[in-house]
Amino acid sequence: MSSISKKPKDAQSRRYERSTSVVFLKTNGEFGGLSNMAGGFPLKVNGLRIFTSEALYQACRFPHRPEVQRLIIEQASPMTAKMKSKPYRHDTRPDWDHVRVKMMRWCLYVKLAQNWDAFSELLLKTGNRPIVEQSRKDAFWGAKETEDGTLVGRNILGRLLMELREAVKTADKDTLLRVEPLQIPDFLLDGRLIGVVQPVGAEKRELSPRLTGDGAPGTAISVGMRQTSLFDPLAVKETSSPEYASENPKSPGIAALKPYPEYKDSNLPWLGRIPKRWEMRRFKYLLREVNSRSSDGQDQLLSVSQCTGVTPRRTRDGGDEPDTRAASLVGYKRVAQDDLVVNIMLAWNGSLGVARSAGIVSPAYCVYRFNDNAEAWYYHNLLRLPLYKGRIKVESTGVVESRLRLYSDDLFRIEALVPPKKEQAAIARFASATGRQVDRLIRAKRRLIDLLNEQKQAIIHRSVTRGLDPNVRLKPSGVKWLGDVPEHWEVRRLRNFVKLIVSNVDKHTIEGEVSIRLCNYVDVYKNDTITEQIPFMQATATEDEVNRFRLRVGDVVITKDSEMWNDIGVPILVAYEAPDLVCGYHLAILRPDPQQMYNEFLLRCFQDPLLVTQLHIRANGITRYGLSQNAIKDCLVPVPPVKDQIYICAILQRDLAGINAAEVKARREIDLLREYRTRLITDVITGKLDVRGVELPAMAEAEAEVLEDLDTSEDTEATEMNDTEGITNDNE
């Protein structure tokens, strides 16, 4: 593994050295219990006893074939369970390739929750080594042995186990002992929605009701998820026929949501069944394109985002776009309130929506107006569903993702659900109220994360500028803004003990000779440490660039330019080294002299808001800020003796562990809230749940206005990491 040319051709593949990895092949080996085929880890889901996680995983293929699921989970042997599933593979759920990694992750968490002592001990026994499932033929879930003895493959199961191992180390045990159901359609076992899974004997809840007849499965809201905590308690009124919320102030609440009484086939495999009273029409019958142009450019400029929809465009300082641009906006397209605006180049990722207010948009966008039978905000939610994003992607014109275009004819071909107009309005109101309630909870979690970060920064600042001994004798540092430091410390410039390497390798390189994995700005900004688990971007580079900018264990990488000055100086520690892992453009490598500076202490210095302010002040630019090499080299940092640096970092790791665990838990809860919101709104918009007769608690008008004015991008930051769930290779 000394040459780049040995890198696996598959961009998702990894190469592992057997001597430094935990490799399992047979279930009777030391780490055989990590295998899905291992016995001795019984499960219980929805009250059903299941002998192995492999049987549970295979059963999840067939949510609409409960008799097949029972046949599979009755098998004591995992291999027999797998073989029993094969004759029915043609009836596998249609989205299996897109959900199977999520399904496997969920099965592993269930295995851990219900076999905590044995499975957590086995995971921790692997230490920090890579976990690899050796396979003779499957390079997706495992890795195959090559002629030189190394193991090559995507090793998805091993990577999921490493993720689970980190959760055991850092997360709260009680959190891991409670496994929430996946937020995907038709998550069923034996005809019932799968609820929360807990250790056997700990579940004190009623199983979700069996689905029979023509009823379509909904979402596990009322059973086992305690979702009523998301909303105020609501009264339930029994009625013989559903009424619309606006006409029934004492209507049932969200906990009482049920499927519609009757369904019919939509004749679209990707959509499934729909309520019997609903219709299907192509969008060309629901809207028309409008092309009115601005004559003076004085209207409010609107922007279209996959995160926030259609909103007034803001300047970087948060204000409205200035009127000085008016002359350049002549000829922009006019948008009326409730018009649909589509960014034709990015519609496939959700860059479209309905306008809350009138304004103008770029001539490159398309503007549509709904007819009288369509409720604009219902279709705003419909088109932004993951389900419809996928449909838009399929119907768009183009071959590669970066060149897809959704022209009017493409949009007009797409099939649209058409509930009765009154029902559309009720669904849109429900979706809006649900979104606001969940957003409020997410904002509370974000405020908690901000407070935790403030506490973390205070601890780091005290440690790297004053040390750990509160009684240590101090001396003037000679730097006014730094103040006093311990008398046996020094204050030195980076140029005296750090080698600075500024990368110029860009993701758009096309003349490269070798394939590389590129560590870019996003990788640094979203992580504290570079590890093997980060899905690095694929690129190419010359041999010279690889030799000059290859990352080494112990390097500290910082961001050196950005559109926002306070995004400069963000650090990350390199804890993983590979011959094809290269530092990308916009980043700088700091390689400290180990005789003078411990790398983790240098990382902590750049995590101190006071010390990193030096970089913010030295950054130059107008629309984009950047640092010169001298600006970085001239930064001042406190320098204790190396043995003190190592001790300080060890104590920091201990003191920050609880804060980091709380932050991880809060972020996980935010992810669950987002999944819950997406799942619930999807089921309501597509008719899997009936909201007629449902009323959410009223939100004060002033509060609603504040929520709309907040920058909602805080809840919609780009979280799509290059996940393996999009892989469509066949796998058994």
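Residues numbered from 1 in each chain as written. Predicted model: local features only at pLDDT ≥ 70, side-chain atom pairs only at ≥ 80, totals over all residues. Heavy atoms only, no water.

A.B. asks: Which parts of the structure should I look at to understand the overall build of the protein chain?
C.D. replies: Helices and strands together make up the secondary structure of the protein chain, namely 18 helices and 35 strands. Classification of the 732 residues of the protein chain by burial places 50% in the buried group. In the protein chain, 73% of the contacts between residues at least 6 apart in sequence involve partners at least 24 apart. Taken as a whole, the protein chain presents about 34500 Å² of accessible surface, with 49% of it coming from carbon and sulfur. (Helix = DSSP H or I, 4+ residues; strand = E, 2+ residues; numbered from the N terminus. Buried < 20%, exposed > 50% of the residue type's maximum accessible area, 1.4 Å probe, protein only. Contact = heavy atoms within 4.5 Å. Areas by Shrake-Rupley, 256 points an atom, 1.4 Å probe, with all protein chains shown as cover.)

A.B. asks: How should I be thinking about the sheet that holds strand 6 (residues 144–145) in this particular structure?
C.D. replies: Strands pair in a sheet through their backbones, by hydrogen bonds, and they do so in one of two ways: parallel or antiparallel. Strands sit in the order 1-7-6 across an open sheet of three strands; the sheet is antiparallel. Taken across any chain shown, the strands that pair with only one partner, and hence form the sheet edges, are strand 1 (14–16) and strand 6. In this structure, strand 6 lies alongside strand 7 (residues 151–153), joined through two bridges in antiparallel fashion. Its bridge partner lying in strand 7, Glu145 is registered against Leu151. (Pairing = 2+ DSSP bridges.)

A.B. asks: Which parts of the structure should I look at to understand the packing of aromatic side chains?
C.D. replies: Given two aromatic rings, one states the distance between the centres and the angle between the planes to describe the pair. The final tally for this structure, using the stated rule, is 13 aromatic pairs. Each ring, one from Tyr260 and one from Tyr263, has its centre 6.3 Å from the other, and the planes form 85 degrees; the classification is edge-to-face. Tyr263 matches Tyr260 in its accessibility class, with the two residues each being buried. Relative to Phe412, the ring of Tyr368 has its centre 6.0 Å away and its plane inclined at 75 degrees; by these criteria the two rings are edge-to-face. (Phe/Tyr/Trp six-rings, centres within 6.5 Å; stacked < 30°, edge-to-face > 60°.)

A.B. asks: Looking at this structure, how should I read helix 5 (residues 116–125)?
C.D. replies: For the α-helix, the turn length of 3.6 residues means that residues three or four positions removed from each other point alike. Listing the buried residues of helix 5 in full gives Trp116, Phe119, Ser120, Leu122 and Leu123. Viewed end-on, helix 5 has its buried residues packed into an arc of 155 degrees, placing them on one side of the element. Pointing more than 90 degrees away from the buried face of helix 5 are the exposed residues Asp117 and Glu121. At its buried positions, helix 5 is contacted by helix 4 (96–114), helix 6 (156–170) and helix 7 (173–176). (Arc of directions from axis to C-beta.)

A.B. asks: Looking at this structure, I do not really get helix 3 (residues 78–85). What am I missing?
C.D. replies: For helix 3, the set of buried residues is Pro78, Ala81, Lys82 and Ser85. Buried residues of helix 3, seen end-on, are gathered within an arc of 100 degrees and therefore sit on one face of the element. N-cap assignment for helix 3: the residue whose side-chain oxygen lies 3.4 Å from the backbone N of Met79 is Ser77. (Polar contact = N/O pair within 3.5 Å; in protein donor to acceptor, adjacent residues only side chain to side chain.)

A.B. asks: Where do I start with the pairing of strand 29 (residues 556–559) in this structure?
C.D. replies: Looking down a regular strand, the side chains alternate between one sheet face and the other. Neither face of strand 29 is open: one carries Val556 and Ile558, the other Val557 and Thr559, and all of them are buried. Pairing analysis gives three bridges linking strand 29 to strand 31 (residues 571–574), with the strands arranged antiparallel. Within strand 31, the residue paired with Val556 across the bridge is Leu573. Strand direction decides the pairing type here: strand 29 and strand 33 (residues 587–592), joined by four bridges, are antiparallel. By the bridge assignment, Thr559 is partnered in strand 33 with Leu587.

A.B. asks: Would you mind showing me how to read the confidence of the model for the protein chain here?
C.D. replies: Reading predicted coordinates in detail is not appropriate for stretches of low pLDDT. Taken residue by residue, the protein chain gives an average pLDDT of 82. The fraction at 70 or more is 83%. Below a pLDDT of 50 lies the segment residues 203–252, which in the model reaches 119 contacts outside its immediate sequence neighbourhood of four places, other chains included. Ignoring residues within four places in sequence, the model shows residues 699–732, a span with pLDDT below 50, making 65 contacts including any to other chains. (pLDDT = per-residue confidence, 0-100.)

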